[in-house]
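Chain by chain, the residues:
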Amino acid sequence: MSLLHQVTDVVIGGLIAGVSTFAFGAVMQAYLAISVGAFLAATFYFSRNPWGSPDGDEYNEMIDDVYDRYLP
């Protein structure tokens, strides 16, 4: 995995955290919204290296194909 792919994973995780924190912040307290946003971002980021998931490799290949198509 190239450095650009890793940076893209971090940026996507950050976007997931920010958007979900903003959305959940409207219906729950701020510290809970931040926790949920961080959990969702970590779930995405660490799912790129799944532990024991039989379909994880297929999803990672699909994501890598998209990265290869649009990133240098």
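Along each chain, residue indices are assigned from 1 in the same order as the chain's sequence is written. Side-chain atom pairs in this predicted model are given and counted only at pLDDT of 80 or more, local residue features only at pLDDT of at least 70, and totals for whole chains, interfaces and linings cover all residues. Hydrogens and water are ignored here; the side-chain numbers use all heavy atoms of the structure.

Colleague: Honestly, a nonpolar patch on the surface in this entry has me stumped. Any pointers?
Modeller: Every patch collects residues that have over 30% relative accessible area and no salt bridge, joining them within 9 Å if they carry like charges and within 5 Å if they are nonpolar side chains (Val, Leu, Ile, Met, Phe, Trp, Tyr). With residues, only the protein chains shown are counted as cover, and all accessible areas are computed by Shrake-Rupley using a 1.4 Å probe. When a carboxyl oxygen of Asp or Glu is within 4 Å of a side-chain nitrogen of Lys or Arg, the pair counts as a salt bridge. The grouping of Phe 24, Val 27, Met 28, Tyr 31, Leu 32, Phe 39 and Leu 40 at the surface amounts to a nonpolar patch, some 680 Å² of accessible area in total. Secondary structure follows DSSP: runs of H or I at least 4 residues long count as helices, runs of E at least 2 residues long count as strands, and numbering of each begins at the N terminus. For the nonpolar patch, the element with the most residues is helix H2 (residues 30-47), which contributes four residues. Note that Tyr 31 resides in helix H2.

Colleague: What am I meant to see in the side chain of His 5 here?
Modeller: Secondary-structure assignment places His 5 in helix H1 (residues 3-25). For every residue, the accessible area (1.4 Å probe, protein chains only) is compared with the maximum for its type, and the residue is labelled buried under 20%, exposed over 50%, or partly exposed between those bounds. On the basis of relative accessibility, which here comes to 7%, the residue His 5 falls in the buried class. Polar side-chain contacts of His 5 include one of 3.5 Å to the side chain of Asp 68. Any pair of residues with heavy atoms lying within 4.5 Å of one another is described as a contacting pair. When sequence neighbours within four positions are dropped, the list of residues in contact with His 5 reads Asp 64, Tyr 67, Asp 68 and Leu 71. A 3.5 Å cut-off defines polar contacts: any pair of N or O atoms within that distance qualifies, except that in protein one atom must be a possible hydrogen donor and the other a possible acceptor, and neighbouring residues in sequence count only when both atoms are side-chain atoms.

Colleague: So what exactly am I meant to see when it comes to H1 here?
Modeller: Because an α-helix completes one turn every 3.6 residues, residues spaced three or four positions apart along the sequence face the same direction. With 23 residues, H1 extends 32 Å from end C-alpha to end C-alpha; this agrees with the ideal 33 Å at 1.5 Å per step. Every buried residue of H1 is listed here: His 5, Thr 8, Asp 9, Gly 13 and Ser 20. On the buried face of H1, the contacting elements are H2 and helix H3 (56-70). Every helix has an expected span of 1.5 Å times one less than the residues it contains.

Colleague: When you look at the environment of Ile 12 in this model, what are you seeing that I'm missing?
Modeller: By secondary structure assignment, the location of Ile 12 is in helix H1. Among the residues examined, Ile 12 registers a relative accessible area of 28% and is labelled partly exposed. Spatially, the C-alpha atom of Ile 12 lies 8.5 Å from that of Phe 44, the residues being 32 residues apart in sequence. Contact partners of Ile 12, with chain neighbours within four places excluded, come to Phe 44 and Tyr 67.

Colleague: Where do I start with the packing of H1 against H2 in this structure?
Modeller: Between two packed helices, what matters for the description is the angle formed by their axes and the separation of those axes. The interhelical angle for the contact between H1 and H2, taken along N-to-C directions, is 150°, at an axis separation of 8 Å. With respect to each other, H1 and H2 are oriented roughly antiparallel. The crossing of H1 and H2 is right-handed. Here Asp 9, Val 10, Ile 12, Gly 13, Ile 16, Ala 17, Ser 20, Thr 21, Phe 24 and Gly 25 of H1 lie close against H2, whose contacting residues are Ala 33, Ile 34, Val 36, Gly 37, Leu 40, Ala 41, Phe 44 and Tyr 45. Angles shown run from 0 to 180 degrees and are taken between the N-to-C directions of axes, each axis being a line fitted to C-alpha atoms and, for helices, limited to the stretch in contact. If an angle is under 35 degrees, it is roughly parallel; if it is over 145, roughly antiparallel; if it lies from 65 to 115, roughly perpendicular; otherwise it is oblique. Whether a crossing is left-handed or right-handed is set by the direction in which the near helix is turned from the far one by less than a right angle, anticlockwise for left-handed and clockwise for right-handed.

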